[in-house]
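Residues per chain are reported as follows:
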Protein chains: 2
Amino acid sequence: MKLNFLYSNIQADVAAIEEELRRAVASEQAPLIEEAALQLLDAGGKRIRPIFVCLTARLGQFEWNQVEQAAVAVELIHMASIVHDDVVDDADVRRGRPTIKSKWGNHVAMYTGDFLFAKSLEYMTKILNPEAHQVLSNVTVELAVGEIEQLRAKYNFDQNVRTYLRRIKRKTALLIAASCQLGGIVAQLDPKMHRKLFLFGYYVGMSFQITDDILDFTGSEKSLGKPAGEDLRQGNITLPVFFAMEDKDFQMKLRDITEQTSKDEMQTFIKEIKASGAIKKSEAVAENYLQKAIAILEEFPPSKELRPLKQIVQFLDKRKY
Amino acid sequence: MKLNFLYSNIQADVAAIEEELRRAVASEQAPLIEEAALQLLDAGGKRIRPIFVCLTARLGQFEWNQVEQAAVAVELIHMASIVHDDVVDDADVRRGRPTIKSKWGNHVAMYTGDFLFAKSLEYMTKILNPEAHQVLSNVTVELAVGEIEQLRAKYNFDQNVRTYLRRIKRKTALLIAASCQLGGIVAQLDPKMHRKLFLFGYYVGMSFQITDDILDFTGSEKSLGKPAGEDLRQGNITLPVFFAMEDKDFQMKLRDITEQTSKDEMQTFIKEIKASGAIKKSEAVAENYLQKAIAILEEFPPSKELRPLKQIVQFLDKRKY
């Protein structure tokens, strides 16, 4: 998925941010960190968080430098959390490439994550508005709490949907929300407006994660860059699973899943989940969040700068990987 | 070692910071993080970084709230790095207590470290002076680079003393330097003066780490809270080892050390290192750094507020654990 081709007007911005991300991880003193971080950058990724910073900044008056600092800061936070998650999920492949932990081991991955997080702080401090610092520091705390929550919730088939929603809020939605708000903050929007952007990003982020969680079952290994059903095999219980677990017999079967469950066995679970109607129900929840996001945009005064934000929401609604 | 009993005038400050640290790690949403972090807090520690923030702030005009934010921020960064280091060093005991990683596993330890680091950011953002943010963001990047350097340098008996000094600068000295400078910054000292405090802290920090590295050989298991020689067994090559390696035959023997080397075998190495004169030479280097630190203090206009800083340097010169 190349989101940036959707709106030619920010292609140059995204390219500049990509360059800055490469500069951010360049480290003469620590060639290993640089190599590991570049591997992660080269693997691509949607850069959805920086894109949101750029797009929301266009709703106000901004200096590019400030937009760039904010965009790089949020992406570095995201990268740091990915690297640490791969350690915990024991993930060997991400986006079709070997993960840092698979190539260099858990210890290098942990410290590379620390480095990326520290670097994000360096960019953050260059944002002049103290409100931006607060937004980012709050979200990083929530992110860490979400990580621990996810760890504790693994293979716990007795949790409810509310704990799932709270978890994806922390793990995904809040950083996207913060990205949208940051664009508004550096563009000097009225606090009332940049708080609306936060809410917009929150709804988009919830939908985004639910769609990711659906794709874990409906996507192909090629498009996902990892085997289908991998989240579930790792014990991450996501929205489609909750809906499928309404069938108590199926729920009992799921309890047997461990990290050792084979690909073939996972295929059987995936088939049952698809047949249960859980995917459609999950899509409806994701869709509902997107509608709420669109409704927030309707509260803004008409402007052509809103169009790419609406396009991105429509695109996310239809994405297949 | 209870540094705070050295100067009754900041006992109340240190107690207030201790309270704030407990509030910082309190988390209703993540009881596991709270339990893990409290375990670390309860294990004690010298709180030397917060103490330096308090003492250097007294050289100028400060608001207590700002001193407290800075002191808590630096200690949280320190705690985060400790938790991650224990994962890499596979340390089961620290200060005589089970480490987070030994009690809850590597994954919880990694995320608890992330949480502590994120929390430090929250405190950092409450410091009003942007220069403070820069100082802290620089030091956290260096800290992460130092961690990776240390990882790469493990069991590498061909490195030289310069790489060791650069590593302890990043791993220890810079955060102590930043703590001293932060006190000066929040107390609104002239930049020329708070940069001197940075240098003072740097020298103290270098000496502090070298002394720690000496104590790894000269301390008792009881006073260290971990077996003697543990750093070396973990492959961390420290100053006394460099001096002892001037004997090439001994250097060849050292190359056999692995994580599997027994306590008894380590005793033999420790004896040889002690007999080689390496401890005395290392002490002289540490002492030299302390003299440089004292010389920096001489450049400040006479004030009774300098006295505890001098006392702390003298104390560090004599500490046994």
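In this text, all values refer to a predicted model and were calculated from it rather than measured experimentally.

So, how was this worked out
- Residues numbered from 1 in each chain as written.
- Chains lettered and ligands numbered in written order.
- Predicted model: local features only at pLDDT ≥ 70, side-chain atom pairs only at ≥ 80, totals over all residues.
- Heavy atoms only, no water.
- Phe/Tyr/Trp six-rings, centres within 6.5 Å; stacked < 30°, edge-to-face > 60°.
- Helix = DSSP H or I, 4+ residues; strand = E, 2+ residues; numbered from the N terminus.
- Buried < 20%, exposed > 50% of the residue type's maximum accessible area, 1.4 Å probe, protein only.
- Salt bridge = Lys/Arg side-chain N within 4 Å of Asp/Glu carboxyl O.
- Axes fitted to C-alpha atoms, helices over the stretch in contact; angles between N-to-C directions.
- Parallel < 35°, antiparallel > 145°, perpendicular 65-115°, else oblique.
- Left-handed = near helix turned anticlockwise from the far one by under 90°.
- Contact = heavy atoms within 4.5 Å.
- Nonpolar A, V, L, I, M, F, W, Y, C, P; charged D, E, K, R; others polar.
- Core = buried A, V, L, I, M, F, W, Y, C linked by side-chain atoms within 4.5 Å.
- Buried area = accessible area lost by both parts, 1.4 Å probe.
- Polar contact = N/O pair within 3.5 Å; in protein donor to acceptor, adjacent residues only side chain to side chain.
- 1 Å grid on protein atoms, 1.4 Å probe; cavity = no way out; pocket = protein on both sides within 12 Å on 5 of 7 lines; lining within 4 Å.
- Points joined across faces, edges and corners; volume = space filled by probe spheres on them.
- Least-squares fit on C-alpha atoms with pLDDT ≥ 70 in both.
- Disulfide = S-S within 2.5 Å.
- Expected span 1.5 Å × (residues − 1).
- Arc of directions from axis to C-beta.

Caption draft 1: Representation of the packing of aromatic side chains. Residues and elements named next belong to chain A. Under the defined criterion, the tally for this structure stands at 11 aromatic pairs over all chains. Judged by centre distance (5.9 Å) and plane angle (80 degrees), the ring pair of Phe52 and Phe200 falls under edge-to-face. Of the two residues, Phe52 sits in helix α3 (residues 48-57) while Phe200 sits in helix α9 (residues 191-218), which places them 148 residues apart along the sequence. In this pair, the class of Phe52 matches that of Phe200, namely buried. Ring centres of Tyr202 and Tyr203 lie 5.4 Å apart, and the angle between their planes is 50 degrees; this geometry places the pair in the tilted category.

Caption draft 2: Examining the pattern of salt bridges more closely. Taken as a whole and assessed by the stated rule, the structure comprises 38 salt bridges over all chains. For the salt bridge of Glu149 of chain B with Arg166 of chain B, the shortest nitrogen-to-oxygen distance reads 3.3 Å. Of the two residues, Glu149 of chain B is situated in helix α7 (residues 130-153) and Arg166 of chain B in helix α8 (residues 161-186); the sequence distance between them amounts to 17 residues. For Arg166 of chain B, a relative accessible area of 41% gives the class partly exposed. Ionic pairing is found between Lys304 of chain B and Glu305 of chain B, a salt bridge with its closest N-O pair at 3.2 Å. The class for Lys304 of chain B is exposed, based on a relative accessible area of 59%. Exposure remark for Glu305 of chain B: the relative accessible area of 18% places this residue in the buried category. Residues joined by salt bridges that share partners form a network here, namely Glu142, Glu149, Arg166 and Arg170 of chain A.

Caption draft 3: A look at the packing of helix α4 (residues 64-88) of chain B against α7 of chain B. Residues and elements named next belong to chain B. Interhelical geometry of α4 versus α7 gives an angle of 15 degrees and a closest axis separation of 12 Å. For the element pair α4 / α7, the angle class is roughly parallel. As α4 packs across α7, the resulting crossing turns out to be right-handed. Here Ala73, Val74, Ile77, Ser81, Asp85 and Val88 of α4 come into contact with α7, specifically with Leu136, Thr140, Leu143, Glu147 and Leu151. Broken down by class, the residue content of the contact of α4 with α7 amounts to seven nonpolar, two polar and two charged.

Caption draft 4: Structural context of the nonpolar core. Counting 118 residues, the largest nonpolar core has Leu76, Leu116 and Leu136 of chain A together with Leu76, Leu116 and Leu136 of chain B as its most contacted members. Non-local contacts of Leu136 of chain A, meaning those with residues more than four positions away in its chain, are made with Ala73, Val74, Ile77, Met124, Ile127 and Leu182 of chain A. By size, the runner-up hydrophobic cluster in this structure holds 59 residues, among which are Ala228, Leu239, Ala244 and Ile279 of chain B.

Caption draft 5: Representation of the interface of chain A and chain B within the structure. Counting residues at the interface gives 38 residues for chain A and 38 residues for chain B. The largest share of the area that chain A buries against chain B comes from Tyr111, Leu121 and Ile148 of chain A, three residues that together contribute 18% of it. At the junction of chain A with chain B, the criterion picks out zero salt bridges. Taken together, chain A and chain B are joined by four residue pairs in polar contact (both at pLDDT 80 or more). Listing elements by their share of the side of chain A that touches chain B, those giving two or more residues are α2 (31-42), α4 (64-88), α6 (106-125) and α7 (130-153) of chain A. Considering every element that reaches the side of chain A that touches chain B, the biggest residue donor is α6 of chain A, with 14 residues.

Caption draft 6: Summary view of empty space enclosed by the protein. All names here are of chain A. Inspection of the entire model under this criterion finds eight cavities of 30 Å³ or more. Estimates place the volume of the largest cavity at around 280 Å³. Of the volumes computed, that of the second largest cavity is approximately 70 Å³. What lines the second largest cavity is simply Gln39, Leu40, Ala43, Ile82, Val83, Asp86, Arg94, Arg95, Arg97, Pro98, Thr99 and Ile100. If you list the elements that add at least two residues to the lining of the second largest cavity, you get α2, α4 and β2 (97-98). No other element matches the three residues that α4 contributes to the lining of the second largest cavity. Of the residues in the lining of the second largest cavity, the class split is six nonpolar, two polar and four charged.

Caption draft 7: Region of interest: the packing of α9 of chain A against helix α16 (residues 307-318) of chain A. Residues and elements named next belong to chain A. Between α9 and α16, the least distance of the axes is 10 Å, while the angle of their chain directions is 20 degrees. Judged by the inter-axis angle, α9 sits roughly parallel to α16. Crossing of α9 over α16 shows left-handed handedness. Here Phe200, Val204, Phe208 and Thr211 of α9 come into contact with α16, specifically with Leu309, Val313 and Leu316. Of the residues contributing to the contact of α9 with α16, the split by class is six nonpolar, one polar and no charged.

Caption draft 8: Here's a closer look at the layout of surface pockets. All names here are of chain B. Approximately 1,200 Å³ is the volume found for the second largest pocket. Around the second largest pocket sit 48 residues that line it, and Lys46, Arg94, Arg95, Asp212 and Lys226 are the ones nearest its centre. Within the lining of the second largest pocket, the residues separate by chemical class into 14 nonpolar, 12 polar and 22 charged.

Caption draft 9: Just the relation of the copies chain A and chain B, in detail. When chain A is fitted onto chain B, the two copies agree to an RMSD of 0.0 Å after a turn of 180 degrees and an axial shift of 0.0 Å. Put plainly, the chains are arranged around a two-fold axis. Among all residues of chain A, the one whose C-alpha sits closest to the rotation axis is Met110 of chain A, at a distance of 3.6 Å. Counting the interface residues of chain A, we find that 100% of their copies in chain B are interface residues as well, pointing to one common contact surface.

Caption draft 10: A look at the environment of Ser303 of chain A. Mapped onto the elements, Ser303 of chain A comes out in the loop between α15 (278-298) and α16. Overall, Ser303 of chain A belongs to the partly exposed group, its relative accessible area being 36%.

Caption draft 11: Expanded view of the state of the cysteines. Residues and elements named next belong to chain A. As enumerated under the stated definition, the model contains zero disulfides over all chains in all. Left unpaired, Cys54 is separated from the closest cysteine sulfur, that of Cys180, by 11 Å. In this structure Cys54 comes out as buried when scored by relative accessible area, which is 1%. Of the residues examined, Cys180 reaches a relative accessible area of 0% and is grouped as buried.

Caption draft 12: Structural detail: α15 of chain A. Residues and elements named next belong to chain A. In a regular helix each residue adds 1.5 Å, so 21 residues correspond to 30 Å; α15 covers 31 Å between its end C-alpha atoms and thus fits that length. If you check which residues of α15 are buried, you get Ala278, Ile279, Ser282, Ala286, Tyr289, Leu290, Ala293, Ile294, Ile296 and Leu297. Along the long axis of α15, the arc covered by the buried residues comes to 150 degrees, so they all point the same way. Relative to its buried face, α15 has exposed residues pointing more than 90 degrees away, namely Lys280 and Glu298. Residues of α15 that are buried in the fold lie against α8 (161-186), α9, α12 (239-244), α14 (263-275) and α16.

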